[in-house]
Amino acid sequence: MEADPGDIFSGPRHAWWFTNEEMKTYDSKEFESKCFGFEESVNRVDEYLLEKGPFDGILGFSQGACFLSLLCCLQQHGKLKGSFKFAIFASGYLSRCVSHQNLYNETLSLPTLHVFGESDTVIPEEMSKALADFCEEKQIILHPGGHYMPSNSHFKEAYMKFLSIRLAEKVDSPER
């Protein structure tokens, strides 16, 4: 039995946080004064990082990449119990929620990879570039497409290059 495409939106909506609690909606392009569920998401991920970690890196896509930018800030400010050493942002952006702006008070120092599309209409290129500009040690992979992470061999090589550098840093680190 095939699912009715209309049923996709009839169940509970999932996001790292919502800006409209009643409707369970979120708009990445809007500047919002309210944010619902963010602290719960941070606590849940931090517990997981602590219990299952440490992790070398984390990848986030779209709102997940925005959430990851905030996790990076929290980690840099010493407000996470768990840890990770690098971040990969796919179609990422800086949060526009008013309550998050205090977290963006200093640039991110951990190594980052930014993957975003020139023709992304969900998260426009300028929003992803702003996140990349917020990071000190960054690699950018700009692709001609939209809201996705490309998987052809050219892009896989770029991903592998970034990950190979991170692996070499781990092997050379006395913390191993």
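Here the structure is shown first, and the text comes after it.
What you are looking at is a predicted structure, and each value in this text was computed from that prediction instead of being measured.

Q: What is the right way to read the overall build of the protein chain from this model?
A: The secondary structure content of the protein chain amounts to four helices and four strands. Starting at the N terminus, the α and β elements of the protein chain follow one another as α-β-α-β-β-α-β-α. Put simply, 74% of the contacts in the protein chain that link residues at least 6 apart link residues at least 24 apart.

Q: When you look at the pattern of salt bridges in this model, what are you seeing that I'm missing?
A: Oppositely charged side chains can pair when the atoms bearing their charge come close. Under the definition given, this model contains five salt bridges. We note a salt bridge from E137 to R166, for which the minimum N-O separation is 3.4 Å. Of the two residues, E137 is situated in the loop between α3 (125–133) and β4 (138–143) and R166 in helix α4 (residues 153–172); the sequence distance between them amounts to 29 residues. With a relative accessible area of 37%, E137 lands in the partly exposed category.

Q: Is there a simple way to think about helix α2 (residues 63–76) in this case?
A: Count 3.6 residues to each turn of an α-helix, and residues three or four apart come out pointing the same way. Between its terminal C-alpha atoms α2 stretches 20 Å, which fits the 20 Å expected from 14 residues at 1.5 Å a residue. Burial analysis of α2 places 12 of its 14 residues in the buried class, which makes it a mostly covered element. Within α2 the residues assigned to the buried category are Q63, G64, A65, C66, F67, L68, S69, L70, L71, C72, C73 and L74. Positive backbone phi, approximately 75 degrees, marks G78, located one or two places after α2.

Q: I'm lost on unusual backbone geometry in this one. Help?
A: Backbone geometry follows two general trends: most residues other than glycine have a negative phi, and most peptide bonds adopt the trans configuration. In this model, G53 is joined to P54 through a cis peptide bond whose omega is 10 degrees. A positive phi is found at S62, a non-glycine position, where the angle reads about 60 degrees. Mapping S62 onto the fold places it in the loop between β1 (57–61) and α2.

How each quantity is defined
Here, residues in each chain are numbered from 1, in the same order as that chain's written sequence. Where totals are concerned, whole chains, interfaces and linings use all residues; where local detail is concerned, this predicted model gives features only for residues with pLDDT of at least 70, and gives and counts side-chain atom pairs only at 80 or more. As a rule here, side-chain values come from all non-hydrogen atoms in the structure, and water together with hydrogens is ignored. Counting from the N terminus, the helices are the DSSP runs of H or I reaching at least four residues and the strands are the DSSP runs of E reaching at least two. Note on definitions: a residue-residue contact is assigned when non-hydrogen atoms from the two residues lie within 4.5 Å. For this document, the term salt bridge refers to a Lys or Arg side-chain nitrogen within 4 Å of an Asp or Glu carboxyl oxygen. Here's how the labels work: a residue is buried when its accessible area is under 20% of the maximum for its type, exposed when over 50%, partly exposed in between, all with a 1.4 Å probe on protein chains only. Take the number of residues in a helix, subtract one, and multiply by 1.5 Å to get its expected span.

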